[in-house]
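Residue-level structural notes
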Amino acid sequence: MLSSSSSSGVPGSCPKNYSIFEMEKDYSRWNLIYKLDLERIINA
């Protein structure tokens, strides 16, 4: 599962932060496996 949040809050703007989750093998819950900050990559 991929979850995103827009840092600017402006409708139509591209989200800069993403959280990537993985489902447990028994489908009991989601576990956070990565946090991706595109702002740091864009500004590198």
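What you see is a predicted model; the values in this text were computed from it and never measured.

As a further point, take the overall build of the protein chain. Helix and strand content of the protein chain: 1 helix and 3 strands. Ordered by position in the sequence, the α and β elements of the protein chain form the string β-β-β-α. Partitioning the contacts of the protein chain with sequence separation of at least 6, the portion at a separation of at least 24 is 4%. For the protein chain, the exposed surface amounts to about 3800 Å²; the carbon and sulfur share of it is 55%.

Enumeration over the complete set of coordinates arrives at 1 salt bridge. Where Arg29 meets Glu24, a salt bridge forms, and the shortest distance between an N and an O atom there is 3.6 Å. The class for Glu24 is partly exposed, based on a relative accessible area of 25%.

On to unusual backbone geometry, then. The phi angle at Tyr27 is positive, at roughly 65°, despite the residue not being glycine. With respect to the helices, strands and loops of the structure, Tyr27 is situated in the loop between strand E2 (17-23) and strand E3 (30-37).

The rules behind each value
- Residues numbered from 1 in each chain as written.
- Predicted model: local features only at pLDDT ≥ 70, side-chain atom pairs only at ≥ 80, totals over all residues.
- Heavy atoms only, no water.
- Helix = DSSP H or I, 4+ residues; strand = E, 2+ residues; numbered from the N terminus.
- Contact = heavy atoms within 4.5 Å.
- Areas by Shrake-Rupley, 256 points an atom, 1.4 Å probe, with all protein chains shown as cover.
- Salt bridge = Lys/Arg side-chain N within 4 Å of Asp/Glu carboxyl O.
- Buried < 20%, exposed > 50% of the residue type's maximum accessible area, 1.4 Å probe, protein only.

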